Amino acid sequence: MSAAVDTDTPLVEVRDLVKHFAPGGGLIAPRNAGAVRAVDGISFAIGRGETLGLVGESGCGKSTTARLLMRLLDATSGQIFFEGQDITRLKGPRLKAIRRQAQMIFQDPYSSLNPRKTVGSIIAEPFAIHGLHRDRGERKREVQQLMETVGLNPEHYNRYPHEFSGGQRQRIGVARALALRPKLLIADEPVSALDVSIQAQVLNLLRNLQRSLGLTVVLIAHDLSVVRHMCDRVAVMYLGKIVEIGPNEPLYGSPCHPYTGALLSAVPVPDPSLHGRPRRLLGGDPPSPANPPSGCSFHTRCPKAAELCSAQEPMLEPKGSGTDVACHYPLSGEEREAMGVGSSAI
Amino acid sequence: MSWAPAAPLGADVLVPPSADVEARSPLQLFWRRFRRDRLAVASLFVVVALIVVAIAAPLIVDVLGLPGPDVQNLNLTNYFGGPLGPSWSHPFGVDKLGEDVMSRVIYGARVSLEVGIIGTLVSTVIGVTLGMLAGFYRGWVDTLLARTMDVFLSIPILLLGLGIGAACAVRGCAAGLIQPGLGVIIFLIAIATWPFQARIVRGLVLSLREQEFIDASRALGASDMRLMFREILPNLSAPIIVYATLQIPLNILFEAALSYLGIGIRPPTPSWGQMIADATPIFNTAWWYMVFPGAALLVTVLAFNLLGDGLRDALNPRGAR
């Protein structure tokens, strides 16, 4: 999939990105009392034409990362580079210019479309904002072409969002995101609000668009099979940090981080013959990101946790399996076997 | 379809079963619901009739063969100077200056509607703008505006009215910005009621700004102005219309109260409140002078209230889904 990739500069590079949400943040309340560390120092790069999956439990900072990349939130610290340009603090017209290059598909197809606007004007909004296709007829033609591209009936130009189903609404969102012909498309759980039967349609649409338009895609999901189906590389997040990142095959085939292993072990397998496969499920909930554990933030739930884990935070580095892992004691082959994960399973 | 794989997957679900049914805009949906509410439709007719009466007052008075509202005729008072009651030529009787009460009630609709509608318009524009800024920017803008609202809400408006009414009675004040009469009333209404609108709008904007379509527009590069006026404002139209419609009768009553207290509309311009005030000392002998303007006030206020309720039911944004 990532064949024709210009590998010189990655399309997006993130260095030590941090986003803390201060509680209250009023005039009087102290600023840094127990700030929620939604994203706590993550670094990664996305090559051109690549599809990067971002997975993790609810509240691990996936959506915050997406919003930081889109500059919908301002980073507390760290840097975001887009085609080598630091966009972390861009403002005004220069930010608006970058916005043409990166677009987003949102999670909730019901709240991501303005209920008071027709589908035509929703998809034409990017044109209106950037002053493109000023001629009415031309704008309508463009919009109808986009509608056709995403598999909507162009005749429904004048309808309102409430007249469409969830899947169709998500297609409207895709059309709007594609209108400016962006290079980067961030999809924040694009199918988790949809019926399972519709999910595949929307995912396939995204994949086809990605291939034919040469898009770079960041796909956020909590469904590991969805990510495997769609992505070239996967980053696993836990409590605002990336714990394992690497290409599809090694990450699914030989997961190294115990958390990745646990996630994969929890994936349901639609094969009755594998019914009795061993599973290792995590107990408890992730700790509060307002007060993360010392050392490795996973040590409170990790079956392999040792003294070192609560004392020293592991670096994200290669451990010889093809992925970068932030773990002092990566999983061994037998342990994978015992968890029912790795190349044989899923 | 330009994408082969998208077609077989999507084609069968693209056309909803109701494809041949005309698409309905929110306005059409609203109208269908509104029509079913008979009380609301009836009050809409009353309101429209009132507006017609107010606009065409001179014509109507002419057609009915009544004298103008400020034509005094002391021949119409009795031996003791008391006004004459209803008769064929003066259906609502006359007042103590011999002015025709029906004619004055008809012209009085002008003042009431002017105050009701202009006053509401002014306070709505102020309230919506400031409420939207507070809800959209939050932070110190919100704090500042919220405190300002508190200050305005703690003004004893009737006392302020008495003061301003007296101070601006002759030449107006604030460099002619506040003219005596209608100007004073509209100014008072505006400063007394905008915080209510602003609070409602602020609350709605606080929840609307978290919707993903706002993020989507922002991601497309929309400016704050565009987000507020193109994305958020259309979603506020229903509550604003409902609230404004319910505000109109309150303003009409406020005008009546101020005019009753002698700081609103001055004679010879007729206003219902002022007529009721004039009628108070002679109510025992001339009931018609108070009853007819009072009834006009009652019907007007009731009609606007019922219309507002009907609009609220029909425009209920949840129902639009």
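Reading the values: rules and limits
- Throughout, residues of each chain are indexed from 1 in the direction in which the sequence is written.
- Here the convention is simple: chains get letters from A, ligands get numbers from 1, in the order in which they are written.
- With pLDDT at 70 or above as the cut-off, local features in this predicted model cover only qualifying residues; side-chain atom pairs require 80 or more to be listed or tallied, and sums for whole chains, interfaces and linings still use all residues.
- The basis for the side-chain values is all heavy atoms of the structure; hydrogens and waters are excluded.
- Here is the rule: rings of Phe, Tyr and Trp (six-membered ring for Trp) pair when centre to centre is within 6.5 Å. Planes less than 30 degrees apart are stacked, more than 60 are edge-to-face, and the remainder are tilted.
- Secondary structure elements follow DSSP: runs of H or I of four or more residues count as helices, runs of E of two or more count as strands, with numbering from the N terminus.
- Burial classes: relative accessible area under 20% of the type maximum marks a residue as buried, over 50% as exposed, and values in between as partly exposed (1.4 Å probe, protein chains only).
- Here, the term nonpolar core denotes a set of buried Ala, Val, Leu, Ile, Met, Phe, Trp, Tyr and Cys residues that are joined through side-chain atoms within 4.5 Å.
- Contacts are assigned to residue pairs that have any heavy atoms within 4.5 Å of one another.
- Points on a 1 Å grid over protein atoms alone make up a cavity when a 1.4 Å probe fits among them but cannot get out, and a pocket when they form an open set with protein on both sides within 12 Å along at least five of seven lines; lining residues each have an atom within 4 Å of a point.
- Grid points are joined across faces, edges and corners, and a volume is the space filled by probe spheres set on the points.
- Each residue receives one of three labels: charged for Asp, Glu, Lys and Arg, nonpolar for Ala, Val, Leu, Ile, Met, Phe, Trp, Tyr, Cys and Pro, and polar for the others, Gly being one of them.
- Salt-bridge detection follows one rule: a side-chain nitrogen of Lys or Arg within 4 Å of a carboxyl oxygen of Asp or Glu.
- What pLDDT reports is the predictor's confidence in each residue, on a scale of 0 through 100.
- Every axis in this analysis is a line fitted to C-alpha atoms, fitted for helices over the stretch in contact. Angles between the N-to-C directions lie between 0 and 180 degrees.
- Oblique is the label for every angle not falling under 35 degrees (roughly parallel), over 145 degrees (roughly antiparallel), or within 65 to 115 degrees (roughly perpendicular).
- Throughout, disulfides are identified as pairs of cysteine sulfur atoms within 2.5 Å of each other.
- Strand pairing follows a simple DSSP-based rule, namely that at least 2 bridges must link the two strands.

**Student:** Would you mind going over the packing of aromatic side chains in detail, with residue names and values included?
**Tutor:** All names here are of chain B. Evaluated as defined, the whole model comprises nine aromatic pairs over all chains. Pairing W31 with F34 gives two aromatic rings, centres 5.7 Å apart and planes at 25°, and the pair type is stacked. Pair noted here: W31 and F34 are both in helix α2 (residues 26-36), with a separation of three residues, about one helical turn. Look at W31 and you get partly exposed, because its relative accessible area is 39%. A relative accessible area of 2% places F34 in the buried class.

**Student:** Describe the nonpolar core, and please don't skip the residues or the numbers.
**Tutor:** As a rule of thumb, soluble globular proteins bury nonpolar side chains together. All names here are of chain A. Counting 57 residues, the largest nonpolar core has I123, I172, V174, V234 and V236 as its most contacted members. In contact with I123, other than residues within four places in its own chain, are V143, L146, M147, I172, A175, R176 and A179. Judged by nonpolar contacts, the second largest core, of 36 residues, contains I46, L69, F82 and I186.

**Student:** How would you explain the side chain of D142 of chain B if you had to name every residue and give the values?
**Tutor:** Its location among the elements puts D142 of chain B in helix α6 (residues 139-153). Using a relative accessible area of 10% as the deciding quantity, one classes D142 of chain B as buried.

**Student:** A description of empty space enclosed by the protein should follow, citing residues and the corresponding values.
**Tutor:** Residue and element names in this part refer to chain A. Per the counting criterion, the structure on display carries six cavities of 30 Å³ or more. As a volume, the largest cavity reaches approximately 90 Å³. Lining the largest cavity are 13 residues, with L69, M70, I87, I98 and A102 positioned closest to its centre. Residue classes in the lining of the largest cavity are distributed as 11 nonpolar, no polar and two charged. Approximately 60 Å³ is the volume attributed to the second largest cavity.

**Student:** Run through the pattern of salt bridges, naming residues and quoting values.
**Tutor:** Residue and element names in this part refer to chain A. Applying the stated criterion across every chain, the model contains 24 salt bridges over all chains. Ionic pairing is found between D74 and R71, a salt bridge with its closest N-O pair at 2.9 Å. We classify R71 as buried; its relative accessible area is 10%. Of the charged contacts, one joins K304 and E335 as a salt bridge, the two residues approaching to 3.0 Å between their closest N and O atoms. Of this pair, K304 sits in the loop between α9 (258-266) and α10 (307-311) while E335 sits in helix α11 (residues 333-339), and the two are 31 residues apart along the sequence.

**Student:** Outline unusual backbone geometry, supporting the account with residue identities and numerical values.
**Tutor:** Residues and elements named next belong to chain A. Even without glycine at this site, R71 takes up a positive phi of about 60°. Mapped onto the elements, R71 comes out in the loop between α1 (62-69) and β4 (77-82). In this model, E189 sits at a positive phi of 45°, which is unusual for a non-glycine residue. Considering the arrangement of structural elements, one finds E189 in the loop between β7 (184-188) and α6 (196-213). You can call E189 buried: its relative accessible area is 7%.

**Student:** Which residues make up the confidence of the model for chain B, and what values do they have?
**Tutor:** In the predicted model, chain B carries a mean pLDDT of 82, and 84% of its residues have values of at least 70. Model confidence for chain B, summarised as mean pLDDT per element, is weakest for helix α1 (residues 6-14) of chain B at 42 and strongest for helix α9 (residues 212-220) of chain B at 93.

**Student:** Go over the packing of α2 of chain B against helix α3 (residues 38-55) of chain B, please, and point to the residues and values.
**Tutor:** Residue and element names in this part refer to chain B. Their axes nearest at 5 Å, the elements α2 and α3 cross at an angle of 95°. Considering the angle they form, α2 stands roughly perpendicular to α3. Residues F34, R35 and R36 of α2 touch α3, and the partners they reach there are R38, A40, V41 and L44. Here the contact of α2 with α3 is built from residues that sort into four nonpolar, no polar and three charged.

**Student:** Residues and numbers for the state of the cysteines, please.
**Tutor:** What the rule picks out here adds up to zero disulfides over all chains. Residue C296 of chain A stays outside any disulfide, its sulfur separated by 5.9 Å from that of C309 of chain A, the closest cysteine.

**Student:** So, the sheet that holds strand β6 (residues 102-105) of chain A: which residues are in play, and what are the values?
**Tutor:** Residues and elements named next belong to chain A. Taken together, eight strands build an open sheet; the order of strands is β6-β7-β8-β3-β9-β10-β12-β11 and the sheet is mixed. The open sheet terminates on both sides in strands that have one partner only, identified here as β6 and β11 (317-318). Along the sheet face, helix α5 (residues 166-178) touches β6 and β7 and points at about 175° away from the line of β6.

**Student:** Residue-level account of the confidence of the model for chain A, with values.
**Tutor:** Close inspection of predicted coordinates is inappropriate for parts of the model with low pLDDT. Mean pLDDT over chain A: 86, with 93% of residues reaching 70 or higher. Of the regions scoring below 50 in pLDDT, residues 1-6 of chain A engages in seven contacts with residues more than four places distant in sequence or in other chains.

**Student:** Residues and numbers for the packing of α3 of chain B against helix α5 (residues 101-137) of chain B, please.
**Tutor:** Residues and elements named next belong to chain B. Viewed as axis vectors pointing N to C, α3 and α5 meet at an angle of 110°, and their least axial separation amounts to 8 Å. One element, α3, and the other, α5, form an angle in the roughly perpendicular class. Across from L50, I51, V53, A54 and I55 in α3, the residues of α5 making contact are I106, A109, R110 and L113. For the contact of α3 with α5, the residue count by class is eight nonpolar, no polar and one charged.

**Student:** Tell me about the sheet that holds β4 of chain A, residues and numbers included.
**Tutor:** Residues and elements named next belong to chain A. Read across the open sheet, the four strands follow the order β2-β1-β4-β5; overall the sheet is antiparallel. The sheet terminates laterally at β2 (36-46) and β5 (85-86), the two strands that pair on one side only. Summarising the sheet, β4 and β5 pair through two bridges and their orientation is antiparallel. If you follow F81 over to β5, its bridge partner there is D86. Docked against the sheet, α1 engages β1 (12-21), β2 and β4, running at close to 60° with respect to β2.

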